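The chain contents come next:
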Amino acid sequence: MTVLAYNLANDIKGSWRVVFVPDELHLYVEFSQPDADTNPADWMSVDDFLAWRPKGALHERARDSLVSLICKALTGR
């Protein structure tokens, strides 16, 4: 299974990333702590991620990074 992942923001506590599984047409956002395996139970939809009010600076950077990524994809810039 091919998985495409893009790191949105990270610090010593962990990292936010957007992940796309092309075979399943599944796009999600996850937060993972260092040295921890990904946990599908913690995955969230992009809609849910964008609907949350950021819970801290790292979360806010991740949200802003995702919005920027989406804008670049849609405008080609």
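The sections below set out a description of the structure shown in this document.

What counts and how
- Numbers given for residues are sequential positions, taken from 1 along each chain in its written order.
- Totals for whole chains, interfaces and linings use all residues, but because this is a predicted model, local features are given only for residues with pLDDT of at least 70 and pairs of side-chain atoms are given and counted only at 80 or more.
- Each side-chain value is derived from all of the structure's non-hydrogen atoms; neither hydrogens nor water enter the calculation.
- Here a strand pair is declared whenever DSSP counts at least two bridges between the two strands.
- Strands are runs of DSSP state E lasting at least two residues, helices are runs of H or I lasting at least four, and both sets are numbered from the N terminus onward.
- Salt bridges are defined by distance alone: a side-chain nitrogen of Lys or Arg within 4 Å of a carboxyl oxygen of Asp or Glu.
- A 1.4 Å probe rolled over the protein chains alone gives each residue an accessible area, and that area as a share of the maximum for its type sets the label: buried under 20%, exposed over 50%, partly exposed in between.
- In the cavity and pocket records, a cavity denotes points on a 1 Å grid over the protein atoms alone where a 1.4 Å probe fits but cannot get out, a pocket denotes an open set with protein on both sides within 12 Å along at least 5 of 7 lines, and lining residues are residues with an atom within 4 Å of a point.
- Grid points are joined across faces, edges and corners, and a volume is the space filled by probe spheres set on the points.
- Residue classes follow a fixed rule: Ala, Val, Leu, Ile, Met, Phe, Trp, Tyr, Cys and Pro count as nonpolar, while Asp, Glu, Lys and Arg count as charged, and any other residue, Gly among them, counts as polar.
- Ring pairs are drawn from Phe, Tyr and Trp, using the six-membered ring of Trp, whenever the two centres fall within 6.5 Å, and their geometry is named by plane angle: stacked under 30 degrees, edge-to-face over 60, tilted for the rest.

**A look at the sheet that holds strand S4 (residues 44-45)**
So, step 1. Reading across from one edge, S1-S2-S3-S4 is the order of the 4 strands in this open sheet, with antiparallel pairing throughout. Each having just a single partner strand, strand S1 (4-11) and S4 make up the two edges of the open sheet.
So, step 2. The sheet contact formed by strand S2 (residues 14-21) and strand S3 (residues 26-32) spans 7 bridges and is antiparallel. Across the sheet, Phe20 pairs through a bridge with Leu27, a residue of S3.

**Section: the pattern of salt bridges**
So, step 1. Applying the stated rule across the entire model yields 3 salt bridges.
So, step 2. Put simply, Arg63 and Glu60 hold a salt bridge, and the shortest N to O gap is 3.9 Å. With Arg63 and Glu60 both in helix H2 (residues 57-75), this residue pair falls 3 residues apart, about one helical turn.
So, step 3. Given a relative accessible area of 39%, Glu60 falls into the partly exposed group.
So, step 4. Here Asp64 and Arg63 are joined by a salt bridge, their closest N and O atoms 3.0 Å apart.
So, step 5. Using a relative accessible area of 39% as the deciding quantity, one classes Asp64 as partly exposed.
So, step 6. Salt bridges sharing partners connect three or more residues here, namely Glu60, Arg63 and Asp64.

**Here's the deal with the layout of surface pockets**
So, step 1. One number sums up the size of the largest pocket: a volume of about 190 Å³.
So, step 2. Lining the largest pocket are Asp11, Lys13, Trp16, Phe31, Lys55, Gly56, Ala57, Leu58 and His59.
So, step 3. Per-element tally for the lining of the largest pocket: the top contributor is H2, with 3 residues.
So, step 4. Broken down by class, the residue content of the lining of the largest pocket amounts to 4 nonpolar, 2 polar and 3 charged.

**Digging into the packing of aromatic side chains**
So, step 1. Summed over the entire model, instances satisfying the criterion amount to 3 aromatic pairs.
So, step 2. Seen in terms of ring centroids, Trp16 and Phe31 are 5.2 Å apart; in terms of plane orientation they differ by 55°. Their pairing is tilted. Note that Trp16 is positioned in strand S2 and Phe31 in strand S3, a separation of 15 residues in sequence.
So, step 3. We classify Trp16 as buried; its relative accessible area is 8%.
So, step 4. For the ring pair Trp16 and Phe49, a centre distance of 5.1 Å and an interplane angle of 50° mean the geometry is tilted. In this pair, Trp16 is assigned in strand S2 and Phe49 in helix H1 (residues 46-51), connecting sequence segments 33 residues apart. For the pair Trp16 and Phe49, one class covers both residues: buried.

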